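Residue-level structural notes
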Amino acid sequence: MPPTNAENFRLTVLNPGGRDPEQQFHSLPAPGEGPHPPINFHAFAACTSGAFHRDVRRAIRENTPVLLLLRGDFRASERALTELKQEGCTVAVSLKETGLHQIAQQLRDPAKLSRFMRIVAHADGCIATTSDAAQIYQRVRFRREPGTVAFIPTPYPIKDQRWDFSVPHNEQSGIFVGTREWDVPSRNHFAALLVARELCETTGEPVTVVNLDGFTGGRLLGKLNFPKGKLQLIEKWKAYPDYLRAVARHKIVLQLDRSHVPGQVAGDALLCRIPSVGGDGAIERIAFSKTCGEGRTITETASMALDLLKNAELREAVVAESQELARERLSFEAVRSQLANLFANAQGTSAIDP
């Protein structure tokens, strides 16, 4: 099943034992169609007109290269790799959770670490959705060809007009806080809320926060004393298109996340055509390099956010640049080509023990 060229390349994403149902991406679904939107790892299948599976035998029947996700205790992933290789499949692997704190949490158990080392060493290649993960894979696979590890960011359907959630500028107001986790130190959610409150007091712009922690989260937010009537809460899960419509009504997305995650918050901002400010995920660093948080202090981020809230032309310029960069590096077409190249390099490599 050799990959041919980028235009004809198809990929099967396998999440063994996962909960997501199988999904065929013969064409790009419109918002709301299908069991899962074409984002995150589903986007790798969607951008290649491929498939997403949780059953190994179904994945094998697709007769395409496979991206195998590593999740849980990695037992199911290791069994799946053995079975796929026995069937002659070309297999690249990736951790399903690739933020720095998530990688550390997964690999602190000796048994899981041992399985991870074996899987990464025996796979034909590795796909990293963050540059940090790529460097980890490269060091585990130090005896293998360097071209079999690639940092490939998760793509977004930027060029499809159905996925353009932009709204007129005169219908936008306020700040959308991109983080929601109080208990993950690298998310810096509390600090982001303080910056948002400061900006609210300075500009009068409302602030929207996702609170899925119920009464406890509401009490914490109440202690911050936002100006009366300026704090808006989203307290129930929304379908992805409805969530994007809510985000698009804001002037900016603000966060201070330092987790080096793939960057879905910034990806959402791309689909909404609004600036993302302050995060350091892979998408931020590619599409929003002038407003991301990489190498910047909280004070610098707050200053950038203030300028953007006050200046519609500046927001428009940031959005225009982000769309251009996304088309070049994050679009379905661009990432499909990157995937085809990685699997062409990985084709036929032999496993070497670490």
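Keep in mind the model is a prediction, meaning the values are calculated, not measured.

Moving on: the overall build of the chain. Each helix and strand in the chain was counted, giving 14 helices and 12 strands. Relative to the 2.2 N^0.38 estimate, which gives 20 Å for 354 residues, the radius of gyration of the chain is 21 Å and therefore close to what a compact globule would have. Across the 354 residues in the chain, those meeting the buried criterion constitute 54%. Across the chain, contacts joining residues at least 24 apart in sequence account for 72% of those joining residues at least 6 apart. Accessible area of the chain: about 15,400 Å², with a carbon and sulfur share of 48%. In the chain, which carries 43 positive and 40 negative side-chain charges, the distance between the mean positions of the two groups comes to 4 Å.

Okay, the sheet that holds strand β4 (residues 66–70) next. Strand order in the open sheet formed by seven strands is β2-β3-β1-β4-β5-β6-β7, with mixed pairing between adjacent strands. Each edge of the sheet is formed by a strand with only one pairing partner; in this case those strands are β2 (23–24) and β7 (149–151). Here β4 runs beside strand β5 (residues 91–95); their pairing, made up of five bridges, is parallel. Note that in β5 the partner of L69 across the bridge is S94. Where helix α5 (residues 110–122) meets the sheet, its contacts fall on β4, β5 and β6 (125–128), and the angle it forms with β5 comes to roughly 145 degrees.

Here we take up the sheet that holds strand β12 (residues 276–277). Pairing in this open sheet of five strands is parallel, and the strands run β10-β9-β8-β11-β12 from one edge to the other. The two strands at the open ends of the sheet, each matched to only one other strand, are β10 (231–234) and β12. Across the sheet, helix α12 (residues 298–310) is in contact with β8 (175–177), β11 (252–254) and β12; its angle to β11 comes to roughly 165 degrees.

On to the layout of surface pockets, then. Estimated volume of the largest pocket: approximately 1,400 Å³. What lines the largest pocket is a set of 42 residues, and nearest its centre among them are I39, N40, E97, W237 and Q264. What the second largest pocket holds in volume is close to 150 Å³. Looking at side-chain class alone, the lining of the second largest pocket contains five nonpolar, three polar and four charged residues.

A separate point is the nonpolar core. Residues V207, Y240, L244, I252, L254 and L270 are the most contacted members of the largest nonpolar core, which totals 52 residues. No other element matches the seven residues that helix α7 (residues 189–203) contributes to this core. Apart from the residues within four sequence positions on either side, V207 is in contact with I175, V177, A196, C200, F226, K230, L231 and Q232. With 28 residues, the next largest nonpolar core counts L81, C89, V93 and A133 among its residues.

Attention now moves to helix α14 (residues 332–346). Given a rise of 1.5 Å per residue, 15 residues ought to cover 21 Å, and the 21 Å separating the end C-alpha atoms of α14 matches this to within 8%. Here α14 has its buried residues at F332, A334, V335, L339, A340, L342, F343 and A346. Those residues of α14 that are buried lie in contact with α1 (40–46), β4, β5, β6, β7 and α13 (312–329).

To continue, consider the packing of aromatic side chains. Per the counting criterion, the structure on display carries eight aromatic pairs. Taken together, a centroid distance of 5.7 Å and an interplanar angle of 35 degrees make the contact between F9 and F343 tilted. Here F343 lies in helix α14 and F9 lies in the segment before β1 (12–14), a separation of 334 residues in the sequence. Taking relative accessible area as the criterion, F343 reaches 0% and is therefore assigned buried. Ring centres 6.3 Å apart and planes at 35 degrees place the aromatic pair F116 and Y137 in the tilted group. Residue F116 is found in helix α5, and its partner Y137 is found in helix α6 (residues 131–140); the two are separated by 21 residues along the sequence.

Scoring rules and cut-offs
- Residues numbered from 1 in each chain as written.
- Predicted model: local features only at pLDDT ≥ 70, side-chain atom pairs only at ≥ 80, totals over all residues.
- Heavy atoms only, no water.
- Helix = DSSP H or I, 4+ residues; strand = E, 2+ residues; numbered from the N terminus.
- Rg over C-alpha atoms; globule rule 2.2 N^0.38 Å.
- Buried < 20%, exposed > 50% of the residue type's maximum accessible area, 1.4 Å probe, protein only.
- Contact = heavy atoms within 4.5 Å.
- Areas by Shrake-Rupley, 256 points an atom, 1.4 Å probe, with all protein chains shown as cover.
- Lys, Arg positive; Asp, Glu negative; His and termini not counted.
- Charge placed at Lys NZ, Arg CZ, Asp CG, Glu CD.
- Pairing = 2+ DSSP bridges.
- Axes fitted to C-alpha atoms, helices over the stretch in contact; angles between N-to-C directions.
- 1 Å grid on protein atoms, 1.4 Å probe; cavity = no way out; pocket = protein on both sides within 12 Å on 5 of 7 lines; lining within 4 Å.
- Points joined across faces, edges and corners; volume = space filled by probe spheres on them.
- Nonpolar A, V, L, I, M, F, W, Y, C, P; charged D, E, K, R; others polar.
- Core = buried A, V, L, I, M, F, W, Y, C linked by side-chain atoms within 4.5 Å.
- Expected span 1.5 Å × (residues − 1).
- Phe/Tyr/Trp six-rings, centres within 6.5 Å; stacked < 30°, edge-to-face > 60°.

This is a description of form; function is not addressed.
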